[in-house]
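# Observations on the model geometry
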Amino acid sequence: MNSLIRNTARCLRSGAAVYMPRQADGRVWTSSARFLCAAADVQKALGDIVQKDKVVVFMKGTPAQPMCGFSNAVVQILRMHGVDDYASYNVLEDSEFREGVKAFSNWPTIPQVYFSGEFVGGCDILLQMHQNGDLVEELKKLGISSSLLEAEKESK
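Residues numbered from 1 in each chain as written. Predicted model: local features only at pLDDT ≥ 70, side-chain atom pairs only at ≥ 80, totals over all residues. Heavy atoms only, no water.

The chain is annotated in an unreviewed UniProt entry as Glutaredoxin-related protein 5, mitochondrial of Gymnodraco acuticeps.

The subject of this paragraph is the overall build of the chain. A count of helices and strands for the chain gives seven helices and six strands. The order of α-helices and β-strands along the chain, N terminus first, is α-β-β-α-β-α-β-α-β-β-α-α-α. Relative to its full complement of 156 residues, the chain shows a buried share of 32%. Relative to all contacts within the chain whose residues are 6 or more apart in sequence, the contacts with residues 24 or more apart total 53%. (Helix = DSSP H or I, 4+ residues; strand = E, 2+ residues; numbered from the N terminus. Buried < 20%, exposed > 50% of the residue type's maximum accessible area, 1.4 Å probe, protein only. Contact = heavy atoms within 4.5 Å.)

Let's shift gears to the state of the cysteines. On inspection of all chains with the given rule, the structure shows zero disulfides. In this structure cysteine 68 is not part of a disulfide, and its nearest cysteine sulfur, from cysteine 123, lies 8.0 Å away. Classification of cysteine 68 by relative accessible area gives buried; the value is 18%. A relative accessible area of 11% means that cysteine 123 is categorised as buried. (Disulfide = S-S within 2.5 Å.)

Two strands in a sheet stick together by hydrogen bonds in their backbones, pointing the same way (parallel) or opposite ways (antiparallel). Across the sheet, which stays open at both edges, the four strands sit in the order S4-S3-S5-S6 with mixed pairing between neighbours. Edge strands, defined here as strands with exactly one partner in the open sheet, are strand S4 (87-90) and strand S6 (118-121). This sheet shows a mean twist of 25° between the axes of neighbouring strands, independent of strand direction. Across three bridges, strand S5 (residues 112-115) lies against S6 in antiparallel orientation. When the bridges of S6 are listed, tyrosine 114 appears paired with phenylalanine 119. Sitting on the sheet, helix H4 (residues 95-105) touches strand S3 (55-59), S4, S5 and S6, and the angle it makes with S5 is about 55°. (Pairing = 2+ DSSP bridges. Axes fitted to C-alpha atoms, helices over the stretch in contact; angles between N-to-C directions.)

Below, the discussion takes up the packing of aromatic side chains. Applying the stated criterion across every chain, the model contains seven aromatic pairs. Taken together, a centroid distance of 6.5 Å and an interplanar angle of 55° make the contact between tyrosine 89 and phenylalanine 97 tilted. The residues tyrosine 89 and phenylalanine 97 share a single accessibility class, namely buried. Connected via pairs of aromatic rings, a cluster forms that spans Phe58, Tyr89, Phe97, Phe104, Trp107, Tyr114 and Phe119. (Phe/Tyr/Trp six-rings, centres within 6.5 Å; stacked < 30°, edge-to-face > 60°.)

Attention now goes to the nonpolar core. Core analysis: the biggest nonpolar cluster contains 19 residues, and Val55, Val57, Leu78, Phe115 and Leu126 have the highest contact counts within it. Sorting the residues of this core by element identifies S3, helix H3 (69-80), S5, helix H5 (123-132) and helix H6 (134-141) as the ones contributing at least two each. Not counting chain neighbours up to four residues away, the residues in contact with valine 55 comprise Leu78, Val83, Tyr86, Ala87, Tyr114, Phe115, Leu142 and Ile144. Formed by 12 residues, the second largest nonpolar core is a distinct cluster that contains Ile49, Val91, Ile110 and Tyr114. (Core = buried A, V, L, I, M, F, W, Y, C linked by side-chain atoms within 4.5 Å.)

Now the structure itself:
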């Protein structure tokens, strides 16, 4: 942890310009070292966040009040499977955080779902996993028994 603090302080003190790789259109972008260090800190923080809980959802709004249909669909799918104990982060609260989430996963849209630190995907992928039964299997790997599986057993 001390090395992280020292490196961050070094970046902030330097304030040097950093040249970004040449873009496809031939332009060269510059950015301050402060911006790059802040971006690196966000990426490290996101790495820690997705490792902390079995299921992590970056979404627009909260599970109690989703602010977009796709985030709502993810919440409903998890709810159908009885997954109520998961970490959720409202990306609408901070635009830098929202952009950091997109950069971290290299995925352009929100919501984003992680299982045990691994990026699963967004709403469309979670819906597909739900429909083809893969979600039940993935939850089982996390030690989470799907409510849908339990309901199916009871109906037999």
